[in-house]
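# A closer look at the structure
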Amino acid sequence: MAGSTHASPSVEAVGEAGGSAPGSVGAPASGGSGRDTWRRFRRHRLAMASACLLVVLVVAVVGGRLFWPTGIDEIDFSAMLQSPSPAHPFGTDDLGQDLLARMIHGGRISLAVGFAAMVVSTLVGIVVGALAGMSRGPLDAFLMWLTDLFLSLPALPLLLLIIYLFRDSLKSAFGVEGGIFLMIVAVIGGLRWMPVARLVRAQFLSIREKEFVEAVRAAGASQWHLVTRHILPNAMGPVIVAATIEVSSAIIAESTLSFLGLGFPPDIPTWGRLLYDAKDHLDVAPHWALFPGAAIFLTVLSINFVGDGLRDALDPRRVI
């Protein structure tokens, strides 16, 4: 009926649970909803341009070695601190190493840290928020107290302390690159789940009182079925938007740690590490800091605009 509110994508399962005929409770086709979301996203010009830029950046860092096979540790003292040239499009560092090759390698690590930390923080936030949103009483109060406690902690000093305490043990257990990667992902993801948890809890508190959820509950569905098939899918829109923002936050956090010299070691050139190595040569080789700084800036900016476009596209009340 025109003007009616969309039900849960899986609400027709109520008919099966209650013994009524399938399809007795109408639900919009997921394909139509996806097409509407894509149409609204395409109309957001900044989001589309940012998505294209982000795809270009990802393809460049993932497949760039196929087109630029220069090694990241090839030293050429005769080409130290050279400006961009056909032989070295991004110039060289103080050891004559090609910055384009190091940018490509470092981009893979920076993006991998960003997306992996986003997965960790989103999963933890969903679990904590769902438990708090579906419980009534002491558990909800305790989880929100825990969330507020983590929110009140100073993130950067805590990051530095944890890395200082556990860096050597993880290096010995998983190797230099693997240990640092796991530590940074765990620390960044473990300190970024709180906004997602509060968002998921708010969505659960609202959706669990909706009519279609009451119908599923009255039909005898279990709590697990209620959460996984009806409440959580309807709460994922804002969570997806928050997850995109977490990627950019994690990339900035990793770059900050590397710039402070507490991230990956010098032989693993992340974008933040390249900035750290370039800080003493800004007067004679500004290109050394310009290119990794521009890569961080463009990546974070494009991810934020994509998140803004997803926020508008996933909100059916907003007309673009």
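In this report, we go over the structure that sits alongside the text. This is a predicted model, so every value here is computed, not measured.

Within the element layout of this structure, Ser135 appears in the loop between α4 (99–134) and α5 (138–152). A distance of 2.7 Å separates the side chain of Ser135 from the backbone oxygen of Leu131, its partner in a polar contact. A polar atom in the side chain of Ser135 sits 3.4 Å from the backbone oxygen of Ala132. With residues near it in sequence (within four places) discarded, Ser135 still touches Asp140 and Arg208.

Attention now goes to the pattern of salt bridges. Taken as a whole and judged by the stated rule, the model has nine salt bridges. In this structure, Asp93 engages Arg102 in a salt bridge whose closest nitrogen and oxygen atoms are separated by 3.8 Å. Taken as a pair, Asp93 and Arg102 share a single burial class, namely buried. Here Asp280 and Lys279 are joined by a salt bridge, their closest N and O atoms 3.4 Å apart. Here Lys279 falls in the partly exposed class, since its relative accessible area comes to 34%.

The end-to-end C-alpha separation of helix α8 (residues 194–207) is 20 Å, in line with the 20 Å expected for 14 residues at 1.5 Å each. Looking at α8, one finds that the buried residues are Met194, Val196, Ala197, Val200, Phe204 and Ile207. For α8, the angular spread of the buried residues around the axis is 160°, confining them to a single face. Buried residues in α8 make contact with α4, α5, α9 (211–218) and α10 (223–259).

Within the largest apolar cluster, 19 residues are counted, with the highest numbers of intra-cluster contacts made by Met103, Val247, Ile251, Trp271, Leu274, Trp288 and Ile303. Of all the secondary structure elements, the ones that give two or more residues to this core are α3 (45–67), α4, α10, α11 (271–278) and α12 (287–313). If you tally residues by element for this core, the top one is α12, at six residues. Excluding residues that lie within four positions of it along the chain, Trp271 makes contacts with Val61, Met103, Gly106, Gly107, Ser110, Pro292, Ala295, Ile296 and Thr299. Residues Val113, Ala250, Leu257 and Ile268 belong to the second largest nonpolar core, which totals 18 residues.

A few words now on the side chain of Asp98. Mapped onto the fold, Asp98 is located in the loop between α3 and α4. Buried and unpaired, Asp98 has no salt bridge, with Arg102 as the nearest side chain of opposite charge at 8.7 Å. A distance of 2.9 Å separates the side chain of Asp98 from the backbone nitrogen of Ala101, its partner in a polar contact.

Glancing now at a nonpolar patch on the surface. On the surface, a nonpolar cluster with roughly 650 Å² of combined accessible area is contributed by Val127, Leu131, Leu139, Phe142, Trp145, Leu149 and Leu153. Taken together, the elements giving at least two residues each to the nonpolar patch come down to α4 and α5. Top element by residues in the nonpolar patch is α5. It accounts for four residues. With respect to the helices and strands, Val127 occurs in helix α4.

What follows deals with a negative patch on the surface. Judged by side-chain charge, Asp73, Glu74, Glu177 and Asp267 come together as a negatively charged surface patch. Take Asp267: it is sitting in the loop between α10 and α11.

Turning our eyes to something else, we now look at the packing of aromatic side chains. By the definition in use, this model includes four aromatic pairs. Both rings, one in Trp38 and one in Phe41, keep their centres 6.1 Å apart while their planes meet at 25°; by these two values the pair is stacked. Remark: Phe41 and Trp38 occur in helix α2 (residues 30–42); sequence separation between them is three residues, near one turn of the helix. According to the relative accessible area criterion, Trp38 is partly exposed, its value standing at 44%. A centroid spacing of 4.2 Å and a plane angle of 5° characterise the contact between Phe90 and Phe291, whose relative ring orientation is stacked. Taken together, the residues Phe90 in the loop between α3 and α4 and Phe291 in helix α12 connect sequence positions 201 residues apart. Above the ring of Tyr276, the side-chain terminus of Lys279 is found at 5.0 Å from the ring centroid.

Quick notes on the rules
- Residues numbered from 1 in each chain as written.
- Predicted model: local features only at pLDDT ≥ 70, side-chain atom pairs only at ≥ 80, totals over all residues.
- Heavy atoms only, no water.
- Helix = DSSP H or I, 4+ residues; strand = E, 2+ residues; numbered from the N terminus.
- Polar contact = N/O pair within 3.5 Å; in protein donor to acceptor, adjacent residues only side chain to side chain.
- Contact = heavy atoms within 4.5 Å.
- Salt bridge = Lys/Arg side-chain N within 4 Å of Asp/Glu carboxyl O.
- Buried < 20%, exposed > 50% of the residue type's maximum accessible area, 1.4 Å probe, protein only.
- Expected span 1.5 Å × (residues − 1).
- Arc of directions from axis to C-beta.
- Core = buried A, V, L, I, M, F, W, Y, C linked by side-chain atoms within 4.5 Å.
- Lys, Arg positive; Asp, Glu negative; His and termini not counted.
- Patch = residues over 30% accessible without salt bridge, like charges linked within 9 Å, V, L, I, M, F, W, Y side chains within 5 Å.
- Areas by Shrake-Rupley, 256 points an atom, 1.4 Å probe, with all protein chains shown as cover.
- Charge placed at Lys NZ, Arg CZ, Asp CG, Glu CD.
- Phe/Tyr/Trp six-rings, centres within 6.5 Å; stacked < 30°, edge-to-face > 60°.
- Lys NZ or Arg CZ within 6 Å of the ring centre and 35° of its normal.

Geometry only, nothing functional implied.
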